[in-house]
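Close look at the chain arrangement
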Amino acid sequence: MNYTAQDILNTLDQAGLDDIPMFDASTAFVAPRLDMFRDDTHWAIVFNMVGWDQDVHTQIHPLGPRMRMRTWMGYVNARHSEWQADAQRELGAHADDPLALAQALMEGAALGQGFVAERMNQMQDMVQHYHQSVKSEGPSEEDKFLHPAEIEMDYAGDDELEHGLPLEAQVRGQPVSAAELAELQQLARSNASEGIVPAYALAFIQRHRENLWALPQEVAVFFEGGLPPHFMTLYEWEHPDLANEQKPGELASWQSLARAMAQNDRSAYQPGPANTDWRRWENL
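Worth saying up front: this structure is predicted, and the values here are computed from it rather than measured. (Residues numbered from 1 in each chain as written. Predicted model: local features only at pLDDT ≥ 70, side-chain atom pairs only at ≥ 80, totals over all residues. Heavy atoms only, no water.)

**Brief notes about the sheet that holds strand β7 (residues 174-175)**
Reading across from one edge, β5-β6-β7 is the order of the 3 strands in this open sheet, with antiparallel pairing throughout. The sheet is open, and its two borders are formed by β5 (149-154) and β7, each paired with just one other strand. Alignment of strand β6 (residues 165-171) against β7, held across 2 bridges, turns out to be antiparallel. Along β7, the bridge assignment pairs V171 with Q174. (Pairing = 2+ DSSP bridges. Helix = DSSP H or I, 4+ residues; strand = E, 2+ residues; numbered from the N terminus.)

Following this line, the structure appears as structure tokens:
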């Protein structure tokens, strides 16, 4: 075995905010899915998320040691440990005198010396390295956002419709039936919604979610050599509260998932309280 459960958790905990989806952000993830892949040499975890934010779209959030793409936040987090060590040294030198610490930081920044100036220079170097060497490798950030469905809307025909009227709809190039379109239009005319999601969009996603989730070939491009064999898929799970800086590795359910993947034993996974119903996160 070339990796351990702790290796998996370390990768997850070092991920940036744009590497793991946030349920309490602006997108309502109506159809979330978590796909795990593994063999004895490497692993991959993919958040495969169908959501609504003024349109139907799919977000891919891939994680694993063979990723061909690094987001900016993930890249910064990978360098965070050395920043933390430098900060601890600076703080330790003035542990008994906070005023002296503040003065040293301000004077160092003004003179281009000390911890603050070093971090500013380091950040400039990181930005340059990221854009010249890291970002250019593999897929782009835009490749994580797919639009496997399109709904053509009329927003001007009827002022009483809060969300517009669907005129056409297609999934991966195939138009929906006339009967389904009529049903979507009826739901649109009701002006019904659940939170930010119109009733017609909710019905559309629930009916077509199998074809809206990213396909294996759409996910495989994010990993060197493609994906290892499929291990497990979850449709609900205990998601970390990222807004409050909770890490996956802090949750017993994710610890057990990492063990299950490392040991190739699905029975080792112990689910926590599922919280991936988008309605419980919506705060808009």
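**Overview of the packing of aromatic side chains**
By the definition in use, this model includes 7 aromatic pairs. Where F47 meets W254, the ring centres are 6.1 Å apart and the plane angle is 35°; that geometry is what we call tilted. Of this pair, F47 sits in strand β2 (residues 43-52) while W254 sits in helix α9 (residues 252-263); the two residues are 207 residues apart in sequence, bridging distant segments of the chain. Accessibility expressed as a relative area gives 1% for F47, which makes it buried. Note on W254: relative accessible area 3%, which makes it buried. Between W213 and Y235 the ring centres are 5.5 Å apart and the planes differ by 45°, which places this aromatic pair in the tilted class. (Phe/Tyr/Trp six-rings, centres within 6.5 Å; stacked < 30°, edge-to-face > 60°. Buried < 20%, exposed > 50% of the residue type's maximum accessible area, 1.4 Å probe, protein only.)

**Some remarks on the packing of helix α6 (residues 178-189) against helix α7 (residues 199-212)**
The contact between α6 and α7 brings their axes to 7 Å, and the two run at 145°. Counted together, E180, E183, L184, L187 and A188 of α6 and A199, Y200, A203, F204, R207 and H208 of α7 form the full contact between these two elements. Residues belonging to the contact of α6 with α7 are distributed by class as follows: 7 nonpolar, 1 polar and 3 charged. (Axes fitted to C-alpha atoms, helices over the stretch in contact; angles between N-to-C directions. Contact = heavy atoms within 4.5 Å. Nonpolar A, V, L, I, M, F, W, Y, C, P; charged D, E, K, R; others polar.)

**Some words on the side chain of E180**
Position of E180 relative to the elements: it lies in helix α6. Polar contacts involving the side chain of E180 include one to the side chain of H208, which spans 2.7 Å. (Polar contact = N/O pair within 3.5 Å; in protein donor to acceptor, adjacent residues only side chain to side chain.)

**Topic: the pairing of β2**
With 10 of 10 residues buried, β2 lies mostly within the body of the structure. Where strand β1 (residues 28-38) lies against β2, 9 bridges are found, and the strand directions are antiparallel. Residue pairing across strands places R33 opposite N48, the latter belonging to β2. Pairing geometry for β2 and strand β3 (residues 56-63), over 8 bridges, is antiparallel. Bridged to F47 within β3 is H61. Following β2, the chain reverses through 3 residues before pairing antiparallel with β3; Q54 in that reversal takes a positive phi of roughly 75°.

**Side note on the confidence of the model for the protein**
Taken over all residues, the pLDDT of the protein has a mean of 84, while the share at 70 or more is 72%. Averaged over each element, pLDDT in the protein is lowest for helix α2 (residues 72-78) (56) and highest for strand β10 (residues 230-234) (98). (pLDDT = per-residue confidence, 0-100.)

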